[in-house]
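# Overview (structure and organization)
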Amino acid sequence: SDLESNLQMFINQSFENISSINHSLNLLSKFQNILHRESLKSDLDSKLNIIFQNYGLELEQVQQLYEKQKHDPPISRNLPPVAGNVAWSRHLLKRIEVPMKQFESNQNVLAGKDAKRIIKMYNKVARTLVAFEFLWYKAWVQAIDQSKTGLQATLIIRHPDDNKLYVNFDHEILQLIREAKCLDRMGIDIPESAKIALFQEEKFKTFYRQLHWALTEYDRIVSEVIPVTAVILRPHFNDMEFKLRPGMITLTWTSMNIDSYISHIHAGLKKLQELISNINDIIEHRIEKNLKVVSKTLLVDLPENSSFTVSEFVTMQQTHITSRSSLLKGKNTEIEHAVGDLIQKIVSYKIEGPVDPVSPKDTKKLHAHYNHFMYQALLHSAKNSMNSLKKRIASREGMSILNSAKPFFDVDVQMMPPRVSLSPSLDDIQECINQSAQAILSCYKTVVDWGYTEVPEDKKRLHNFFERITKDIELVRVALLLTGCIQGVRNGVNEYLNSFAKYNWLWKSDKDVTYKEFVGKNPSLDEYDTQLQSFGAVEKEVEHVRSIQIIGALSLNTMHLKTHLTNECKQWKIQYSNNLHARAKAELEKLTEYTRMTTGKLSRKVEDLDSLRFMMNLLNEVREKESCVHMEIAPIMDMYQMLECYLASGFMEKDEIDKKTVLRSNWKKMVTLALTRTDELSKTQIGFKRDLVKDISDFQADVVQFRNDFTANGPMVQGLPPMDAVDRLTRFKEELKIRQRKFELYKGGEELFALSHQEYPDLVQTSKEIKLASQLFDLYVDVIRTINEWKLMPWDTISVNVDDMRDTMESYAARCKKLPGRLRSYNCYDQLRIEIDDFNTVLPLLKELSKDSIKARHWEEVMETCNVQLDVVGNPDFKLQSLIEANLVSVEEEIEEITDGADKQLKIEHQLGEINAQWQSQEFSFQEWKDRGIHVLKATPLVMEELEEDQMNLQTMLTMRHVSPFRPFAQELLGSLSETSDTLERWAKVQMMWCALESVFTGGDIAKQMPKEAKKFAKVDKDWAKIMTKASETRNVIECCADELLRNSLPTMYGELEKCQKSLEGYLEQKQNAFPRFYFVSNAKLLIILSQGSDPLAMNQYYENVFDAIQYVEHDPKDKTIIHKLHGNGGDGHEVVPFIQPVKAVGNIEDWLTALLKNMQKTLKENARSCAMDLSEVQSDISNLRPLVDRNISQFALLAIQIMWSYETQSALEQCRTKKTAMKENSQRQLQVLTEMSSWCLQDLGTKVNRKKIETLVTVHVHQRDIAQELVLLVRNKKVQDANDFDWLKQARFYWRPNGADDASDDGATIVSITDVDFNYQYEYLGAKERLVITPLTDKCYITLAQALGMYFGGAPAGPAGTGKTETTKDLGNSLGIFVVVTNCTDQMKYTDCAKIFKGLCQGGLWGCFDE
């Protein structure tokens, strides 16, 4: 029983722990198979009932679970939806079905009270689950065909968002296959259509994978494309797209040829991949790699640790640039060929589809792209090279010794007079750097631009990268910096070089001059010593100067300078030493020579008085010299001692040493000899004294006899012929010289022996008289000799020498006048005067006869006058003597008349020659007429003036007395010029008319309207062309005008052209009548306007001639005959007025201009109406004034202000009786408006036109404000009662009358009232004009003119110039909106001109102002 109890407990516990019905039933079955005791069996049966009850609960749970999850049941992983739902329903069915089968085997359980309910529930749940499965299966079967429609889709599709290609495989197909596979495994019958899809599963997946790989590969290839080749490769990718196209259009997943399609795609991708790989390889390894090499190429070789001379630097750079240039040329060629190969690869790619091949434009772009890259690489190379050069050469100040490279240039500091300089100079270094920079840039001249490799060498030079590279701003900046890179060290170098300025004296000072100055101060030997020591000190100072000085990039080598300065110091020492030596040597030589010479002189024999006197003087000299000779010898010895200190040994020659050694001993020997000769002379001088006394006595007697002979037989004897006197004078001069020599000798003897001097008065007197006679007779001889020489001169040479002859004779005459008075009593003097006067008289006649103007005819007149035969003409042997003998002086007046006539005839001859030569060479100037090939005369007025001037000159010549020899020629020339002048004058008139009419009748609208005249002109035009062609070939003025064809044709042509001109004037009159404003346009301009009438655009430059202020009009861009707007003048911001309706510029120009005028007036009237209507807003709120002004053009903004002022002031005057403050309020209102407008002037008004507009409003409203204030005072003083008082009526008042009418239209009118006269506003566009400041005088003029016009009179304002008469008239016209035509009158005006203007004014309804 315990066992049973324990078993019972165990069974109970076992059933308590089991939650599943199936497990409970399984456990129960196990217990039933083991336990066979009745007590336990009954307990187990009760357990079955309990399980059945729980099963009922589980049925409810399953039912609830089904209801809860039937719309979204939990599906096993990797199961498709249908199979998953079926599996879920089958799982639930199995969950309730398995226990029910076990319960069915035990009828006791089913017989229980709740069994029916549970069975019923079971049946319901089971039916529901089976129905659930069936519904899903049925739905799937029905959806199979729908799912299989995905197989009809194209293989590939392009996504609309990212434009990429995707495999267009519907995933429902895969799901269908998976459903079929899963359902088949679950034992569900699969429809045949699903089985077909199931059997093709592997094929679909293979196709999908292959297509997916192909598209991925295509995307990868596209991503590998270098952007620059994308455009040129577009045809290749289009070709690939074409290969893919069947998969996007025709092929579906059920197609039969998918395998071949995929193979075709793969082959295309492979081919495309090869192309892209080749392209990328060329670009990467042959183009970009070489571009990097080019970009990194430095065209300068700049070692950091080396310095160079300029020549070394230039040589090194030339070598380096040559090699680098070759590299660049090679790389340029390689890159060009690589780009060519690249393009060739791309172009040669075989495109299979109907795709446009590679465009030449794209290949050119790719070529240009890499050409630009090549240019950029070369530019980078140039910039790097130039920057490297700049950096290396730049100033090195502030760099430390550790991180600084060696100085760049080795430069010698040298002496280059006149200063210490660098060799090479800074300019040379700068030039070297500039040359290097030029060489760098010139290198690119050798790099030929692409596409010109195969052209000849001369063309290659024209196509290189040089021009493009040198246009780069940054490179130009670096090049400019390089041109001044040495400037940074220039100051430092100059300071360093200036430090040597203290040594300038060494080489600048002239050693000889300085030494002379030094010697001039009589320096002592101590001063010499001091000077030489100072040179030594400078020499040591120079040796201590540094040999190398570094400044910036320059290494300055001073070795040469130091050597030079040291040598200069030595030269100074040598200069002073050599000069001292020379001085010492000179003094030594002098003293030695003196000793030698004196010794020789002392050895002479004493034989006569002269030699005795010489010896005595010599001995005296030696005695004097002996006292100071020691003072001369001692300095010489001291100088030689100093020289031995400063000069090297051997500076003296052996001879000099010997002289120095024996100097003192030789002097002593000479002194001894002098003492010996003194003793000898004291014994011999007594005999010489005795002989001297005797000779003096004889000489005294000889002098007396010589005097007597001169008095009796000398040249001064009266009555003696001049030539005899000359001979005597010569003889006595010789005798006087002998006696004067004796006198000198005896005088010296007297001094030697201390005798008293003897006097010789006769000798002195004779000498004076001979000198006096020489003045007269020497002059006489000179005159006679000169005249005789001149007489033998050939006549041909006289013209050259005549001035010299005159000067010589004038000098003789002057000498003659200066002779002493006592000489004038001699016959010789009279004859001298006669000879000089006679020749001076004939000399002017000779000068006149030697002039070039004297011809053979004049010599005949001279011979006839003198009654002699003279063989002058053509005879080179004719002498002057023959003319002098012809006694020209006797017929002096006749000769002068002949020569004067010859001068005048020569002048006439020259003038005739000049005129003739001028017109032989004078040619017409021609210019081509309007590219027609017809030449016309140019500058004819100048030619005609010259013709008239020369005719007048010829007529004047023909009235002269001396024209006789040339009269026939002058008359013939005058006739020729006169005929030429007449012909040319007629020719010019014809040309002027032809030029005026040519453009009218050879084209344009006028020729069509005047066919008869055009035909007539065409004939004249043809003849004119022939004449002018021939004239342009001849060109010479006289020859052209002498042409018979020209002379005969001109009158006929002139007559025909005159007829054409008259017909044309009638035609113009007709046009002017149609559009009266044409009367104000000159005929020439009007012809141009009318001839271009068919082109409305051509009128734009002439509107200002027929309208007041229209600059041009704006035509429709599509149809030029439609005009939309008019434009005023003023440049930027000018006024533009749109027409209220477009103007059609068709038909005759005068017709559409009239339409334009009418439309302008209507448009401006609408503007006036708009302004008047908008004024109500301004009156209520002043802030609305600015928008009103800005909206309207200047003319109507002003009109609006004037209308508003008139209305407000009129209203105030009408209310002033009933409202006391009406006028004051009006005055304040006008002040408020003025203040408002004035404030605008302080703002930025944008354009000049807008500012002018605002300023004009202010100008006019200032007057209106003044009137308002004036009326306040008048009303207050009761001088004005209402609006009918004259003080108000005299003002210009402006009104808009909506019910009025005017010439523009009947719909309203703008009225301007002045006094009792009302004017209709004329609506002429006036532009943005400035208006006059209105003064009381202006008001008076307005009143007077208004009254005159009101009575149909005119007006004539009078007053001084510049007072504003014309401007006031024009301003009144502007106020009335009318076109005022101002005519500046002159005395050249004709009545026809006035008539023309009056016609225009009357027909156009305009005002005319005739100024002056």
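The paragraphs below set out a description of the structure included in this document.

### Section: helix α22 (residues 525-543)
Taking 1.5 Å per residue as the helical rise, α22 with its 19 residues ought to reach 27 Å, and the 28 Å between its terminal C-alpha atoms agrees with that figure. Within α22, burial applies to Tyr-528, Leu-532, Phe-535, Gly-536, Val-538, Glu-539 and Val-542. Looking straight down α22, one finds that the buried residues subtend no more than 160° of arc, so they occupy a single side. Residues of α22 that are exposed and point over 90 degrees away from its buried face: Asp-526, Thr-530 and Lys-540.

### Section: the sheet that holds strand β12 (residues 1293-1297)
Ordered by their spatial adjacency, three strands build an open sheet running β12-β13-β14, and the pairing between neighbours is antiparallel. Across the chains shown, the open sheet's two edge strands, defined by having one partner strand only, are β12 and β14 (1317-1320). Averaged over all pairs of adjacent strands, the angle between their axes in this sheet comes to 30°, without regard to strand direction. When strand β13 (residues 1309-1314) meets β14, the two strands line up antiparallel, connected through four bridges. Pairing of Ile-1311 across the sheet is with Asn-1320, part of β14.

### Section: helix α15 (residues 426-443)
Counting along an α-helix, one turn takes 3.6 residues, and residues three or four places apart therefore face a common direction. With 18 residues, α15 should reach 26 Å at 1.5 Å per residue; the first-to-last C-alpha distance of 25 Å fits that figure. Turning to α15, its buried residues number three or more, namely Leu-426, Ile-429, Gln-430, Cys-432, Ile-433, Asn-434, Ser-436, Ala-437, Ile-440, Leu-441 and Cys-443.

### Focus: the sheet that holds strand β10 (residues 1122-1128)
One key point about sheets: their strands pair by backbone hydrogen bonds, in either a parallel or an antiparallel sense. Reading across from one edge, β9-β10-β11 is the order of the three strands in this open sheet, with antiparallel pairing throughout. Of all strands in the sheet, those with a lone pairing partner are β9 (1110-1115) and β11 (1136-1144), marking the two edges. Put simply, the sheet's adjacent strands are angled 30° from each other on average, direction ignored. In the packing of helix α42 (residues 1149-1180) onto the sheet, the strands contacted are β9, β10 and β11, and the crossing angle to β11 comes to about 135°.

### With respect to unusual backbone geometry
Backbone geometry places Lys-1278, a non-glycine residue, at a positive phi of 60°. Mapping Lys-1278 onto the fold places it in the loop between α46 (1248-1276) and α47 (1286-1289). In this structure, Thr-1315 takes a positive phi of about 55° despite not being glycine. Judged by relative accessible area, Thr-1315 falls into the buried class, the value being 7%.

The rules behind these values
- Residues numbered from 1 in each chain as written.
- Predicted model: local features only at pLDDT ≥ 70, side-chain atom pairs only at ≥ 80, totals over all residues.
- Heavy atoms only, no water.
- Helix = DSSP H or I, 4+ residues; strand = E, 2+ residues; numbered from the N terminus.
- Expected span 1.5 Å × (residues − 1).
- Buried < 20%, exposed > 50% of the residue type's maximum accessible area, 1.4 Å probe, protein only.
- Arc of directions from axis to C-beta.
- Pairing = 2+ DSSP bridges.
- Axes fitted to C-alpha atoms, helices over the stretch in contact; angles between N-to-C directions.
- Contact = heavy atoms within 4.5 Å.

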